[in-house]
Each structure stands twice: as C-alpha cells, then as structure tokens.
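# Survey of secondary and tertiary structure
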Amino acid sequence: MNCMEVHFLGVGEACDSRHGNTSALVTAGGCKILLDCGFSVPHRFFGICKDPDCLEYIWISHFHGDHFFGLPLLLLRFWEMGRTRRLQLIGQERLQEKTMTVLELAYPGFAKKLSFPLQFHSVQPGITLELEQLKFQTTPTTHSQANLGLLLDDGRKRLYYSGDGRPTAEVIRLAHGCDLALHEAFTWEDSIPNHGSVTGCLQLMEKAGIKQLALLHIERKTRQNRQKALVKLLKEHPDVLLPVENDIIHLD
Ligand SMILES: [Zn+2]
Ligand SMILES: [Zn+2]
C-alpha cells in the first residue's frame, strides 16, 4: 500500500533566501505532484530528483512569482535531461496562457523545442477533478491575487495545501477532518488582510478538525523574532509542525 509522502523543497515566503519559496513534492497514489514552483524551487527539486520523467503533475495555486516563476527553469532542465513523458499542470483558469507567457519571457522560442507534451487542467471551485487515483478539489482563499486552496485526496489520505491567503468559511468545509494541512502563516496574528497567520491557522485547525498542521511561508523576520514563541507553541501543540526544507512527512 502506498503511503502519502510530503517532501518540503522550501518553506519560506517570497524573499526568504534561507528557507526558499514554499513548495513540496508530494507522493500520492503512486504519482508525484509538485505543489507550486517559485523562483528557488527548480534548483532544490533537481537536488533530489535525478529522473527527468519522475514528475507527473504540477499544481500552481496562483501566479505570484514565488509560486509560479520557477516553471521555465523546471521545464528547461527537464528538456535538457531528455524528458519525453507528458507533464500535466493543474491550476486555475488561464494557467496555460500564463505558462506560455512566462516561458516565452524567460527563454524565447523554447516552448517550440520542448521534447515532451504539456497538458493543462484548469479547475473550478466546487468541481472535483479526478486524475488516476487522485481527486483535486479547490476553493478560493482571501489573497491579493486569485488563489486556490487545494484538497488532494488519494483515496486513503487527504492533504490540504493553502497556497497563499487567509482561510475562508469554505476552506474550513473543504479541509474538514483532513490528515494534514500545509498552510501559509505569514504573520503571527491576522494583521495583513490577504495573508494567513500562525494564530489564524491554529483556529482553522480547531474549527476544521485538522489532524496535523504544518506552518509554512512565515515572514522571515517574524520567524526570527518569534522563535521562542514558536518553540513554545510546538511544545503545546504536538500536532503542529514547523518543517524546514528537505523535511519529509509520511502519512501512513
Ligand atoms: Zn501570493
Ligand atoms: Zn507567496
């Protein structure tokens, strides 16, 4: 029986040079799914992945650079390594148009040379996308740009990934009872309208009955200044995790 695995490639916000942009490589239902692909992600991805055909899916939560602008380099290196297998990209409307635009800006003419097909799936909140054994369900969060939170279900385990943004009532419903939530917690308290927070995530965990919560995308000065408070919080809440890059969580 395949267990779900979450391998963190980065856990930081856009400008965090120490922890990189938030991204994880998930193994679920016998497939590999990359959650978001920001500036720093390709180098970290290829640090652990030597097989050009290993990745089946890429999920893009939204089009901010720290979640999306790593895509050209990821595709360039797959091409350089001789990838032939179809690569499927999943995200909101206009994912194909945005991807082709960013590819053309980064490496003009490169898209025509790609040695493997790209297939795009645009998802609609409220409608389940089923690919192989995997179910993708989404809902908008409150962010400065349209962002979708994702619930990934492999039939055994359910993983919620927020992308960016403060959770809504619909997020509580979608993430209800999930085995693990990966949630952005940019600030300590809800002080920025379009971002999540550490205390907001704890409330979400309680309201939604989330079994384990990983705090990600913490603003880098908050991570530094609140170190003691974070250590205390982790002691008080054993089901709350503060992963760093290359940490792996297994959901058995
Ligand atoms: Zn964002
Ligand atoms: Zn971000």
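Keep in mind that this is a model prediction, so the values were computed, not measured. (Residues numbered from 1 in each chain as written. Chains lettered and ligands numbered in written order. Predicted model: local features only at pLDDT ≥ 70, side-chain atom pairs only at ≥ 80, totals over all residues. Heavy atoms only, no water.)

Sheets are built from strands that pair by backbone hydrogen bonding, the pairs being arranged parallel or antiparallel. Reading across from one edge, β7-β8-β9-β10-β11-β12-β13 is the order of the seven strands in this open sheet, with mixed pairing throughout. Only two strands of the sheet have a single partner each, and these edge strands are β7 (129–131) and β13 (240–241). With three bridges joining them, strand β10 (residues 158–161) and strand β11 (residues 180–184) adopt parallel strand pairing. Bridge pairing in β11 places Tyr160 opposite Ala181. (Pairing = 2+ DSSP bridges. Helix = DSSP H or I, 4+ residues; strand = E, 2+ residues; numbered from the N terminus.)

Core analysis: the biggest nonpolar cluster contains 29 residues, and Val6, Phe8, Val26, Leu35, Leu152, Leu159 and Leu182 have the highest contact counts within it. Residues within four places of Leu35 in sequence aside, it is in contact with Thr22, Ser23, Ala24, Val26, Trp59, Leu150, Leu159, Tyr161 and Leu182. Leu25, Leu34, Leu71 and Leu118 belong to the second-largest nonpolar core, a separate cluster that totals 28 residues. (Core = buried A, V, L, I, M, F, W, Y, C linked by side-chain atoms within 4.5 Å. Buried < 20%, exposed > 50% of the residue type's maximum accessible area, 1.4 Å probe, protein only. Contact = heavy atoms within 4.5 Å.)

Attention now goes to the pattern of salt bridges. Any two side chains of opposite charge can pair if their charged atoms end up close together. Across all of its chains, the model carries eight salt bridges by this definition. As a salt-bridge pair, Asp190 and Arg166 come within 3.7 Å of each other at their nearest N and O atoms. Separated by 24 residues along the polypeptide, Asp190 in the loop between β11 and α7 (198–208) and Arg166 in the loop between β10 and α6 (169–174) bring together distant segments of the chain. Put simply, Lys211 and Asp179 hold a salt bridge, and the shortest N to O gap is 3.3 Å. Of the two residues, Lys211 is situated in the loop between α7 and β12 (213–216) and Asp179 in the loop between α6 and β11; the sequence distance between them amounts to 32 residues. (Salt bridge = Lys/Arg side-chain N within 4 Å of Asp/Glu carboxyl O.)

Quick look at the environment of Phe116 now. Position of Phe116 among the secondary structure elements: in the loop between α5 (110–113) and β6 (118–122). Take Phe116: its relative accessible area is 4%, and that puts it in the buried class. Once the C-alpha coordinates of Phe116 and Leu75 are considered, the two residues, 41 residues apart in sequence, prove to be 9.5 Å apart. Setting aside chain neighbours within four positions, we find Phe116 in contact with Leu75, Phe78, Trp79, Arg83, Thr84, Arg85 and Leu87.

The zinc ion (ligand 1) binds to the protein through His62 (NE2), His64 (ND1), His143 (NE2) and Asp164 (OD), with metal-donor distances spanning 2.1 to 2.3 Å. Taken together, the four donor atoms coordinating the zinc ion (ligand 1) and their angles of 94 to 163 degrees define a geometry best described as irregular. In the primary structure, the donors to the zinc ion (ligand 1) are separated according to the pattern H-x1-H-x78-H-x20-D. In this structure, the zinc ion (ligand 1) lies 3.8 Å from the zinc ion (ligand 2), and both are coordinated by Asp164. Here His143, found in the loop between β8 (134–140) and β9 (148–153), pairs with Asp164, found in the loop between β10 and α6; they are 21 residues apart in sequence, far enough to count as distant. Asp164 carries the same exposure label as His143, and that label is buried. (Donors = N, O, S within 2.8 Å, 3.2 Å for Na, K, Ca; no water. Tetrahedral: all angles 85-135°; square planar, octahedral: opposite > 155°, others 65-115°.)

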